[in-house]
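Examination of the molecular architecture
Given next are the chains, with one letter for each unit.
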Amino acid sequence: MSHILSPHAALIIVDVQPDFMPGGALACHEGDTVVPGIDQLLRSRMFRHVVATQDWHPHGHISFASSHPGRAPFEQIDLYGQRQTLWPDHCVQGTAGAALDPTIDWSALDALIRKGGDPGVDSYSGFRENHGPAGTRPSTGLAGWLHERGVEEIFVCGLARDVCVLWTAQDAVELGFRAHLLWDLSRPVTPDTDAATRATLLAQGIAITEASELRRD
Ligand code: VGL
Ligand code: ZN
């Protein structure tokens, strides 16, 4: 199947940062394998609107297991009434692991959304933070930016397929966009989540699309 991109389609590249690659602080399974395809997609100039997100935490962030004495990475705690997975320290602001992947040509990028900067709240989606103490999910402003540019359809790729990519695609449909997850240009933190991720996408009307299906209008 091929998919003709309209001028109202946007690409969102989620958290393609060394800390999410093999050898990084919070490595995704085969995370580095998305890099050549994303670089090619950027160079192709197929999308009229291109956004990247960058996980960007202060030292001592609440999502770090190291901020919770006696807790280990990948344990879950209750935080503001929601389940919070505790992660290894990752994407600390200004560190090499938090940079956008240095081998990708980012020239075609229109906007960069940094997220996770609130020390007390995690932020998976590019659109809004996770639940905070007030029970709300503050916006990053991305939905407004896209709506004002006339974007109707979103293609999400990057890392991690089971966390920030998934949450970004879910918010996209909730906020009124058609959404695709570019499956071959994403990889999970936890490989055995793929079947559950596919079921969630199907149930929420998010298309599973391969980069090779994309054609320019
Ligand atoms: C992510 C866990 C914690 C991601 C970010 O980019 O998927 N996962 N922070
Ligand atoms: Zn994070």
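Computed from a predicted structure; not experimentally measured. (Residues numbered from 1 in each chain as written. Chains lettered and ligands numbered in written order. Predicted model: local features only at pLDDT ≥ 70, side-chain atom pairs only at ≥ 80, totals over all residues. Heavy atoms only, no water.)

Before going further, it helps to examine the overall build of the protein chain. From N to C terminus, the protein chain includes four helices and 10 strands. Reading the helices (α) and strands (β) of the protein chain from amino to carboxyl end gives β-β-α-β-β-β-β-α-β-α-β-α-β-β. Here the C-alpha atoms of the protein chain give a radius of gyration of 16 Å, agreeing with the 17 Å that 2.2 N^0.38 yields for 217 residues. A buried classification covers 53% of the 217 residues belonging to the protein chain. Long-range pairs, those at least 24 residues apart, make up 73% of the contacts in the protein chain with a sequence separation of at least 6. (Helix = DSSP H or I, 4+ residues; strand = E, 2+ residues; numbered from the N terminus. Rg over C-alpha atoms; globule rule 2.2 N^0.38 Å. Buried < 20%, exposed > 50% of the residue type's maximum accessible area, 1.4 Å probe, protein only. Contact = heavy atoms within 4.5 Å.)

Summarising the metal site, the zinc ion (ligand 2) is bound by the protein donors D55 (OD), H57 (NE2) and H90 (NE2), whose distances to it range over 2.0 to 2.2 Å. For the zinc ion (ligand 2), the four donor atoms in the first shell make angles of 88 to 169° at the metal, a pattern classed as irregular. Mapping the donors of the zinc ion (ligand 2) onto the primary sequence gives the spacing D-x1-H-x32-H. Taken together, the residues H57 in the loop between β3 (49-55) and β4 (76-79) and H90 in the loop between β5 (82-85) and β6 (111-115) connect sequence positions 33 residues apart. Across this residue pair, the class does not change: H57 and H90 are buried. (Donors = N, O, S within 2.8 Å, 3.2 Å for Na, K, Ca; no water. Tetrahedral: all angles 85-135°; square planar, octahedral: opposite > 155°, others 65-115°.)

Taken together, D15, F20, L26, D55, W87, H90, Y124, L159, A160, V163 and C164 are the residues near ligand 1. Contact between ligand 1 and H90: a nitrogen atom at 3.1 Å from a side-chain N or O atom of the residue. With respect to ligand 1, the backbone of A160 contributes an N or O atom lying 2.9 Å from an oxygen atom. By residue class, the composition of the shell around ligand 1 is eight nonpolar, one polar and two charged. (Near = heavy atom within 4 Å. Polar contact = N/O pair within 3.5 Å; in protein donor to acceptor, adjacent residues only side chain to side chain. Nonpolar A, V, L, I, M, F, W, Y, C, P; charged D, E, K, R; others polar.)

The next subject is the nonpolar core. Core analysis: the largest hydrophobic core is formed by 61 residues, its most contacted members being L11, I13, I38, F47, F127, L146 and I154. Secondary-structure elements contributing two or more residues to this core are β2 (9-14), α1 (35-44), β3, β6, α2 (142-148), β7 (153-159), α3 (164-174) and β8 (178-187). No other element matches β2, which puts six residues into this core. Not counting residues up to four positions away in its chain, the partners in contact with I13 are I38, L42, V50, V51, A52, T53, W106 and C157. Ranked by size, the runner-up nonpolar core spans five residues in total, among them I62, A65, I77 and L79. (Core = buried A, V, L, I, M, F, W, Y, C linked by side-chain atoms within 4.5 Å.)

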